[in-house]
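Okay, here's what each chain looks like letter by letter:
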Amino acid sequence: MHEFFYKYLKLFLTIYHLINFEPISMDSNASLHQLFFLEKSSTNLIPEKFIWPKEENHNITSHEELNEPIVDLEGFFNGDKDTTRRTTELIRSACLSHGLFQVINHGVNLKLINSVHDHVKDFFKLPIDEKLRVQRVPGSFWGYSFAHADRFTLNLPWKETLSCCFHENGHDSEAAGFFKSAFGEECEHTGLIFKEYCKAMTKLSLTIIEILEMSLGVDNSYFKEIFKDGSSIMRCNFYPPCQEPGLALGTGPHCDPTALTILHQDQVGGLQVLSDGKWKSVRPRHGALVVNLGDTLEALSNGVYKSCPHRAIVNKSMERISLVFFFCPSEDKVIVPPENLVTTERPRLYPDFKWSDFLQFTQKYYRVDVSTLLNFTKWLINHHHHQTT
Ligand SMILES: O=C(O)CCC(=O)C(=O)O
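The text that follows walks through the structure, step by step, so that each part is easy to find. (Residues numbered from 1 in each chain as written. Predicted model: local features only at pLDDT ≥ 70, side-chain atom pairs only at ≥ 80, totals over all residues.)

### Let's talk about the site of the ligand
Taken together, Arg235, Asn237, Thr251, Leu263, Gln265, Gly270, Leu271, His310, Ala312, Ser322 and Val324 make up the full set of residues adjacent to the ligand. Those elements that provide at least two residues to the shell around the ligand are strand E5 (231-239), strand E7 (260-265), strand E11 (310-312) and strand E12 (320-327). Grouping the constituent residues of the shell around the ligand by class yields four nonpolar, six polar and one charged. (Near = placed C-beta within 6 Å. Helix = DSSP H or I, 4+ residues; strand = E, 2+ residues; numbered from the N terminus. Nonpolar A, V, L, I, M, F, W, Y, C, P; charged D, E, K, R; others polar.)

Encoded structure:
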């Protein structure tokens, strides 16, 4: 089916280039985004569906940097009380304002991180028909997607993604089998590396959850319990260069619905955070991992901590890769804040919900943006109202 589609696009491209007297540089290695150039809008160099409304992509050239804390986890790992207290305070201040910080000495092997980057780069360089062999189908969290074009038609993100899931007790055969079945025996190894990376990310996420508990004065393990036995999601983003970086966005403005996100970006830069009404860049730092809070953690903290509004911009000449690990609660645990965070001055901000319902909401009914949690809350209340009347 895809081969058929691709063949005709190729033919169309050849004719298009002949009519426009442009050199043809289309082979089976051309990536999908090149095909999309066929649909240039009348005034711009990129197709209309990649052009974001002005209010979403304004201030794209701003060079203001976010002043997020760079948190050294070494003292915490060594059990040093003073350093741990300072670490906790630093993280608390970031979570009270915009919900993002970076960690260094985080215990994740840099060779492992680099190896995942290399594998991801190799994957995105594959011919399109090979990538489409693992195309993500609606409802699944596994596979390749181009610009989320299978789900949306407007404001498409200028990127390709490769996603997979991770469950602590999941079988090795899961990730390894995914690559092996699509690309053959020699790619089983790629799956195992992904799995090892997700394992390391889960361990680090649990460490950060523990620090968050301390910083909120929450009973040890209240949050941790909620994540026991959860399935997390890993998404690798590949942002090709874009002729119109001022009109497109690599990832649109949104807050992550999940609890905690750990991101590794290469040195190109592009991640931005909305802070004090302005988009500010998160500078890439060698060896550091970016941590941001998501909506579920905002709900768990009864709104004390903030889910981080962020986006990724694109670059005219350079491609960029980011590895994003979304740490998710167990599907049917109820998200309810601990008692010490609910007071008469701070009543409950969000109703009880299960992560599985929130996830479904974002898959079936709502395109994730900066107001997902608010709209999910409204939807839940309405839904409940309809069920009881
Ligand atoms: O690539 C980035 O820096 C941000 C990616 C992101 O926010 C996402 O994939 O949800």
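Right, picking up where we left off after that structure.
### Describing the packing of helix H5 (residues 81-97) against helix H9 (residues 188-215)
Orientation of H5 relative to H9, taken along the N-to-C sense of each, is 85 degrees, at an axis distance of 9 Å. By the angle class used here, H5 and H9 are roughly perpendicular. Between H5, through Thr87, Thr88, Ile91 and Arg92, and H9, the contact on the second element is made entirely by Ile211, Leu212, Met214 and Ser215. When grouped by side-chain class, the residues that make up the contact of H5 with H9 number four nonpolar, three polar and one charged. (Axes fitted to C-alpha atoms, helices over the stretch in contact; angles between N-to-C directions. Parallel < 35°, antiparallel > 145°, perpendicular 65-115°, else oblique. Contact = placed C-beta atoms within 7 Å.)

### Things to note about the pairing of E12
The buried count for E12 comes to seven of eight residues, which makes it a mostly enclosed element. Taken together, the seven bridges between E5 and E12 define a ladder with antiparallel strand orientation. Considered in E12, the bridge of Arg235 is made with Val324. In terms of strand pairing, E7 meets E12 through six bridges, oriented antiparallel. When the bridges of E12 are listed, Thr261 appears paired with Phe326. (Buried ≥ 20, exposed ≤ 12 C-beta atoms within 10 Å, placed from the backbone. Pairing = 2+ DSSP bridges.)

### So, the sheet that holds strand E8 (residues 271-275)
Within the open sheet, the four strands sit side by side as E6-E11-E8-E9. Their pairing is antiparallel. Sheet topology places strand E6 (251-254) and strand E9 (278-281) at the edges, where each strand pairs with a single neighbour. Between one strand and the next, the sheet's axes are offset by a mean angle of 25 degrees, whatever the strand orientation. Sheet topology note: the E8/E9 ladder contains four bridges and is antiparallel. Residue pairing for E9: Val273 is matched across the bridge by Lys280.

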